[in-house]
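What follows is the residue order along each chain.
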Amino acid sequence: MQHITSTPIGRILLIASCMLCTLLAPQVVQGHSSKEHRTGSTRHWSVVGENRTVDASFLFYKNGVVALETDDHAILKYPLDALSKPDQAFVLDRFARIQALNREPQAIPQRQLSEHSTSSPWLGLFIGAIALMLAIGVLFHYTWARGRKAVFVGAGALLAVALVAFKEPLGHLKSLTDPYFLDAAFDPFKPKVATSWDNDYFYVESLGIPEHEMMTGITNWQRQVPIPQCYVGSNAWPIPLNPVIAATPVPVSADHFVRGAIALAVNGVPIFNPFTNTGVDAFLDGQLDNYGGHCGRADDYHYHTAPLSLYGQTTDTLPIAFALDGFAVYGSQEPEGVPMTPLDANHGHYGVNGVYHYHGTANAPYMIGNMVGQVTEDVTLQIVPQAHANPVRPAQNPLPGAAITGCVPNGTNDGYTVTYTLNGQTDSIVYSWTSGGVYSFSTYTQGVGTPNTYNGFTPCTITTSVDEATRTENDLLIYPVPTTSGFSLQLGNGIQEQDITEIAIYNMSGSVVYKTDRYQSHIDTPGLQQGTYLVKIQLRGYQVIKKLVVR
């Protein structure tokens, strides 16, 4: 070793090797899949009730149910008391840590980070540039003293190091998304939706029923009707908080993701592939209502196109949906409030903050052309994990040519009447459900009704510890809105100044533009550009989000 390093070529190769090992070390440490890194190492779980062991990683714990993930990405769910005492202690310890993190949130603006580093992805470019300059210096310094061959060997080694360094910003990128950014997008639709999160996922609970009219406008009816679903508890919708750019985006087409959802709208309604499981474009085939939705074989309402109508209920610079790869979906506006810029082949682009997002449009592919983030597609061509719907009756046969003319809820909000026309005749289906899960359907043809009764799942409710919408409205007030130079903060409902641990202002890209760790009665905003912002006030145990408009 001493003899080798005593020569210029040896010293050059040694330096290059050290630099190469330094750059590759993080890749060796984190060389396992993103799924393994996210859920933690595999553990032996003892399922007492079944007298067997399971090798899996801990996924999450909610409402007394433990979710585990096997190495082949199968999701297993067990009641906590079905596991051994050591396993129960492990779960409760992990859950307590997650809860502690949620009670003491950190303001992490949505940003793009390297998958292998917590530093800027452009650090590799800097290191690569230094390596190239060093190679050039070596070339000139040793040309006459050692000969051209020796110089080019050393320079070539350093060039290899530079290429490794330059590869860093071009590799897979991971986005760390502030959960409060997602929460602000869902906030206009609370308490119809409920949200929570842990280290890995942002969870959304809903019944899958929008506030707008459903079914009207369908001209090619599949004969399914909307029934509230139980997307709650362990069956809540999971949105990844650490999305990773895929090496090769997977097409959203008739060959991929044709079962289940590809995204979730901010009103809690799932969004499916534009192509149905029969391979047709649902919109062009007349299967969708005036809002781009219809019901699946489980009588589950969902969209097949971008829910652009939601901008009637939310701010046009907030997302209208989040893809199940973790990236946001916007409409005709960019997060900064400017018109949508040209889209790439995936039907999106990188924003000014370096984070990828999609856009919804009225024309195909409507929302997502290719799934940019890494996802797992199972053998049924469905993204996992995701929530699932529960049917209460057998799937019905399609009724081609039937046009839906109305879908009206009954007076007790436990059923609907769907009217339709076919061959110039108007018929209907009247259905309802009981609190015990008995579902009654009566199909009327030429005034004659045919009844059917089914025993199904018990209807659910959205359970939250606190009504966020009411709390946000009554606890705190910011004024004036709109403002030109600043705003004041008024406390209510017994809130004390010392209860406020942080005040932060976010732009619509999710970046923090102002932050203080103490209460301030007035905040000046002369440096803020005109536009819409979100003010997050963190209190002990919960947070409140307010909209701020600067003119």
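Residues numbered from 1 in each chain as written. Predicted model: local features only at pLDDT ≥ 70, side-chain atom pairs only at ≥ 80, totals over all residues. Heavy atoms only, no water.

Here we look at the sheet that holds strand E24 (residues 425-433)
Put simply, the rule reads: Paired strands, as defined in this entry, are two strands with at least two bridges between them according to DSSP. Runs of H or I in DSSP of at least four residues are treated as helices and runs of E of at least two as strands, each being numbered from the N terminus. Fitting a line to C-alpha atoms yields each axis, with helices limited to the stretch in contact; the angle taken between N-to-C directions then spans 0 to 180 degrees.
Strand order in the open sheet made by the 5 strands is E22-E23-E24-E25-E26, with antiparallel pairing throughout. On the outer flanks of this sheet lie strand E22 (403-409) and strand E26 (448-455), each paired with one strand and no other. The average angle at which neighbouring strand axes cross in this sheet is 15 degrees, direction not considered. Judged from the 8 bridges that link them, strand E23 (residues 415-422) and E24 form a sheet pairing that is antiparallel.

Some thoughts on the sheet that holds strand E8 (residues 201-205)
Strand pairing within a sheet occurs via backbone hydrogen bonds; the two strands may be parallel or antiparallel. Strand order in the open sheet formed by 3 strands is E7-E8-E9, with antiparallel pairing between adjacent strands. In this open sheet, the two strands that pair with only one neighbour each are strand E7 (194-197) and strand E9 (237-240). Mean inter-strand twist for the sheet, computed between neighbouring axes without regard to direction, equals 25 degrees. Sheet topology places E7 next to E8; 4 bridges connect them, and they run antiparallel. Considered in E8, the bridge of Ser196 is made with Tyr203.

Quick word on unusual backbone geometry
Put simply, the test is: The rule is simple: take the accessible area with a 1.4 Å probe, protein chains only, and divide by the maximum for that residue type; under 20% is buried, over 50% is exposed, in between is partly exposed.
Residues Ala364 and Pro365 are joined by a peptide bond in cis, for which omega reads 5 degrees. Turning to its location among the elements, Pro365 is positioned in the loop between strand E18 (356-359) and strand E19 (370-373). Look at Leu381: it is not a glycine, yet its phi comes out positive at around 65 degrees. Tracing the backbone through its elements, the reader meets Leu381 in the loop between strand E20 (376-377) and strand E21 (383-384). Taking the relative accessible area as the measure of exposure, Leu381 reaches 28% and is therefore partly exposed.

Points about the nonpolar core
The condition is simple: In this description, a nonpolar core means a group of buried Ala, Val, Leu, Ile, Met, Phe, Trp, Tyr and Cys residues linked to one another through side-chain atoms lying within 4.5 Å. What makes two residues a contact is simply this: any of their non-hydrogen atoms within 4.5 Å.
One finds Phe186, Met215, Trp221, Ile262, Phe322, Tyr358 and Met371 to be the most contacted residues of the largest nonpolar core, which totals 72 residues. For Met215, the residues in contact, after removing those within four places along its chain, are Trp221, Gln224, Pro226, Asp289, His294, Cys295, Tyr301, Ile404 and Cys407. By size, the runner-up hydrophobic cluster in this structure holds 18 residues, among which are Ile505, Tyr519, Ile523 and Ile537.

Here we look at the environment of Gly360
Within the secondary structure, Gly360 is located in the loop between E18 and E19. Note on Gly360: relative accessible area 4%, which makes it buried. The sequence separation of Gly360 and Val329 amounts to 31 residues, and the corresponding C-alpha distance is 6.6 Å. Those residues in contact with Gly360 that sit more than four places away from it in its chain are Ala306, Leu308, Val329, Tyr330, Gly331, Tyr366 and Met367.

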